[in-house]
Amino acid sequence: MYTDADILRLARDIVSARKVVALSGAGMSVESGIPTFRGKGGLWEKYDPEEYGHITTLRHHPERAWIMLKEMQEAILPAKPNAGHYALAELEAMGLLSSIITQNVDGLHHVAGNKNVIEFHGNLQTTSCMDCGFQQPSADVPLDPLPPRCPKCRGPVKPDAVFFGEAIPVDALTRSHHEAQSCDLMLVIGTEAVVYPAASMPEIARSAGATVVEINPSRTPLTHFVSSYIIQGPAGEVLSKVVAEVKKLKG
Ligand code: NAD
Ligand code: ZN
């Protein structure tokens, strides 16, 4: 667990930093009711992501890929931002957060009001036709029967998220490298940061001399080797306390 002193330490680091960047992962949205994939009871216990979440499966066995996508959408589409998302939006509005690099596909940072969000893995909020490109809100895609088809041309449809076998959008990669390299404080929130390219961001920041602070109830592979310190608690709870302290410091 963490102490009040940990919260104050991070609040002070944020206020005195020149440039703060956040990297968020699945843990960021746990308090919004979206489970992590790898955690207990997570989707990946049921489905092999490299099979069900692979672009080739979506093309050739869409009915199989959509079994998992349907479950993901049912968890993600009704979810609302939690106190942690809102705390990050407040930090940005106060001019104390440059950007959020996120691996999440739930779009909740945008919904909470953050403007500068770099989505590494795209977003599940919209779905596009793989043949004609017609795009529609994912909430409008009928999920019975599976797989859904394009209402315009009956072609196969795909959520606008990055699948296994697909490249990370170049623009997202370039921007996040720049952000990681130029920050002096990186907050690593709710991620193991084991999957490339997100995994390299804390290392890039650290090598460039930044302080790297984790917010996660569990220690991760970064904790020993990369992080300056960890605040061991849930993101929503910790971030709202940190932002309350930041406001006091800023008077
Ligand atoms: P991951 O590597 O991002 O790790 C999840 C981490 O969250 C773990 O370290 C866990 O200790 C931590 N965590 C759990 N509860 C937390 C809380 N309340 N506050 C802070 N941290 C908490 O996750 P993964 O599940 O293996 O995901 C793999 C990929 O799938 C990632 O790209 C991830 O972003 C994506 N994914 C996205 C969503 C989403 O969009 N909400 C949900 C699941 C997975
Ligand atoms: Zn179409």
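Coordinates for the structure precede this section.
Reading the values: rules and limits
Residues numbered from 1 in each chain as written. Chains lettered and ligands numbered in written order. Predicted model: local features only at pLDDT ≥ 70, side-chain atom pairs only at ≥ 80, totals over all residues. Heavy atoms only, no water. Helix = DSSP H or I, 4+ residues; strand = E, 2+ residues; numbered from the N terminus. Expected span 1.5 Å × (residues − 1). Buried < 20%, exposed > 50% of the residue type's maximum accessible area, 1.4 Å probe, protein only. Arc of directions from axis to C-beta. Pairing = 2+ DSSP bridges. Axes fitted to C-alpha atoms, helices over the stretch in contact; angles between N-to-C directions. Contact = heavy atoms within 4.5 Å.

Asks: With reference to specific residues and values, describe helix 8 (residues 170-182).
Replies: Spanning 13 residues, helix 8 covers 18 Å between terminal C-alpha atoms, matching the ideal 18 Å at 1.5 Å per step. All of the buried residues in helix 8 are Ala-172, Ser-176, Glu-179 and Ala-180. Buried residues in helix 8, looked at end-on, bunch into an arc of 95°, giving them a common side. Exposed and facing more than 90 degrees away from the buried side of helix 8 are Val-170 and Gln-181.

Asks: Which residues make up the sheet that holds strand 7 (residues 185-189), and what values do they have?
Replies: Strand order in the open sheet formed by six strands is 3-2-1-7-8-9, and the pairing between neighbours is parallel. Edge positions in the sheet fall to strand 3 (117-119) and strand 9 (229-231), since each of these pairs with one other strand and no more. Ignoring which end each strand starts from, the neighbouring axes of this sheet average 20° apart. Strand direction decides the pairing type here: strand 1 (residues 20-24) and strand 2 (residues 99-102), joined by four bridges, are parallel. By the bridge assignment for strand 2, Leu-23 is matched with Ile-101. Strands strand 1, strand 2, strand 7 and strand 8 (211-215) of the sheet are contacted by helix 9 (residues 200-207), whose axis makes an angle of about 160° with strand 7. Strand contacts of helix 11 (residues 235-250): strand 7, strand 8 and strand 9, with the helix running at about 130° to strand 8, the strand carrying the most contacts.

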